[in-house]
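Observations on the model geometry
In case you want the letters, here they are:
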Amino acid sequence: MTAIPTTGRARTDLMAELSARKEGDRDWRRGRLAVYFYWLDEELERVQQEAYLAFWTENNLGQRAYPSLKSIEDEVIGMALSLLGGGDASGGTFTSGGSESIFLAMMAARNKARAQRGVTQPNIVLPNSAHLTFDRAAEALGIEARRVPIGADLRADVAAMAARMDAETVAIVGSAPNYPFGTFDPIESLAALAAERGVWMHVDACVGGFLAPYVRRLGHDVPAFELSVPGVTSLSADIHKHGMAPKGASLLLVTDAADREWHKFESRAWQRGPYAAYTTQGTRPGGSVAAAWASMNHLGDEGYLRCARLIMEAKAIMTAGIGAIPGLDILTPSDLCIFVWRATDPTLDIGKVAAALDAEGWLVGRQQEPDGIHLHLNPIHREVAEDYVAAVARAVAAARGGRGPRIGANERTY
Ligand SMILES: Cc1ncc(COP(=O)(O)O)c(C=O)c1O
């Protein structure tokens, strides 16, 4: 067990040790990871770091002390609402990440249904491609999560979801896009179903929120998923994903700001006076909201379009290159920045291909169903798209030729 040192250490000594410890980490700056990071260029990196440092220790819980943070946060929410179809009545909450945004949405849906419909045994109905963070939220909130198999088109099966709903259903969910396949669920149909049954409809646009609108502007076919779709109650969008901000930045947006009250905690059951929060966090880092604001303002629409273009170019190069390698196939459809490839040749062990890629320094995401390899692209992947295809070709040759190690589909690679 490590103890706090008796004598404090000098700053230079500590920084040297931290750098040394990083030496064994994967090289995300060179685009060798298919998960966990988003990077455009050094100028954006400096903007993020300097903005974060400007508020590095301010507590965003204390907005009465820091009106600056309140105005910055309001602008971040406003920019997102204008991008994502918010109307005059819409509102939002800045959170620590997609999981917190989703937790708050599920909490609000449960609380609203309990108050207005007397629901005591709440359930949510979601496609089985939805992120597992919904199940974690459901477990903590005492909600049953009903996962419904998706269709052969890799999208939510609306009729099957309707069949699993009952009087105790508090919310239904669709992704824009989901993480396993990168496909959009039919948000318009799901939202219409939610409206007809009078339940909360949450759109998980954690991945797509800050990318899909720009991919659409480039001319790609992106279905409607925004708050403006009739029947949508809330939408999660992560600024720390394709909003290109550093970690600790997501939004839960609602079509009707009054619905924020359902995820508000308020009490005065102690000596100190009233306490209220719309998030699960109490103390909140000012740096992450400042860095999100700076990233959005630095990039602007032009910067986000550039990110979208780089990602779609990388995807086109990678899918064409991998698809041309004998024995491999790209899973379709895939609507945005995520895709899965796999072996169609039964003599080719994709687990060995994964291990060979890993040995070259590419951090591999293994897909369980179908047995394959999962990629989530960000702008830096444009620079390595050709290298990746060449590495895949070498990995396939190595897997065919030798005994070698393998990375199984059920190993934890997320
Ligand atoms: C579609 C989707 N929803 C939710 C999440 C959870 O977001 P976070 O990891 O920021 O909590 C992720 C994370 O990858 C995601 O891909």
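Residues numbered from 1 in each chain as written. Predicted model: local features only at pLDDT ≥ 70, side-chain atom pairs only at ≥ 80, totals over all residues. Heavy atoms only, no water.

The protein chain appears in an unreviewed UniProt entry as Aspartate aminotransferase family protein from Neoroseomonas lacus. Recorded under Cofactor (unreviewed entry), the UniProt text for the protein chain is reproduced unchanged: "pyridoxal 5'-phosphate". Under the Sequence similarities (unreviewed entry) heading, UniProt states for the protein chain: "Belongs to the group II decarboxylase family. Sphingosine-1-phosphate lyase subfamily." (UniProt positions renumbered as here; feature names shortened; annotations may be inferred.)

1. Regarding the site of the ligand
Around the ligand, the surrounding shell holds 14 residues, and the nearest of these are Ser 99, Asp 204, His 240, Lys 241 and Tyr 414. Contact between the ligand and Gly 98: an oxygen atom at 2.9 Å from a main-chain N or O atom of the residue. For the ligand, an oxygen atom lies 2.9 Å from a polar atom in the side chain of Lys 241. Ranked by residues supplied to the shell around the ligand, first place goes to helix H4 (residues 98–117) with three residues. Counted by class, the shell around the ligand contains six nonpolar, five polar and three charged residues. (Near = heavy atom within 4 Å. Polar contact = N/O pair within 3.5 Å; in protein donor to acceptor, adjacent residues only side chain to side chain. Helix = DSSP H or I, 4+ residues; strand = E, 2+ residues; numbered from the N terminus. Nonpolar A, V, L, I, M, F, W, Y, C, P; charged D, E, K, R; others polar.)

2. Some words on the pairing of strand S13 (residues 372–376)
Most of S13 sits inside the fold, with five of its five residues counted as buried. As judged from the four bridges shared by strand S11 (residues 338–343) and S13, these two strands associate in the antiparallel manner. Of the residues in S13, the one forming a bridge with Val 340 is His 374. The hairpin turn running from strand S12 (residues 365–367) into S13, its antiparallel successor, is four residues long. (Buried < 20%, exposed > 50% of the residue type's maximum accessible area, 1.4 Å probe, protein only. Pairing = 2+ DSSP bridges.)

3. With respect to the UniProt feature "modified residue: N6-(pyridoxal phosphate)lysine" (unreviewed entry) in the protein chain
In the UniProt entry, the feature "modified residue: N6-(pyridoxal phosphate)lysine" (unreviewed entry) is given for Lys 241. In this fold, Lys 241 is placed in the loop between strand S6 (234–238) and strand S7 (250–254). When residues no more than four places from it in sequence are discounted, the contact partners of Lys 241 are Tyr 38, Cys 206 and Val 207. (Contact = heavy atoms within 4.5 Å.)

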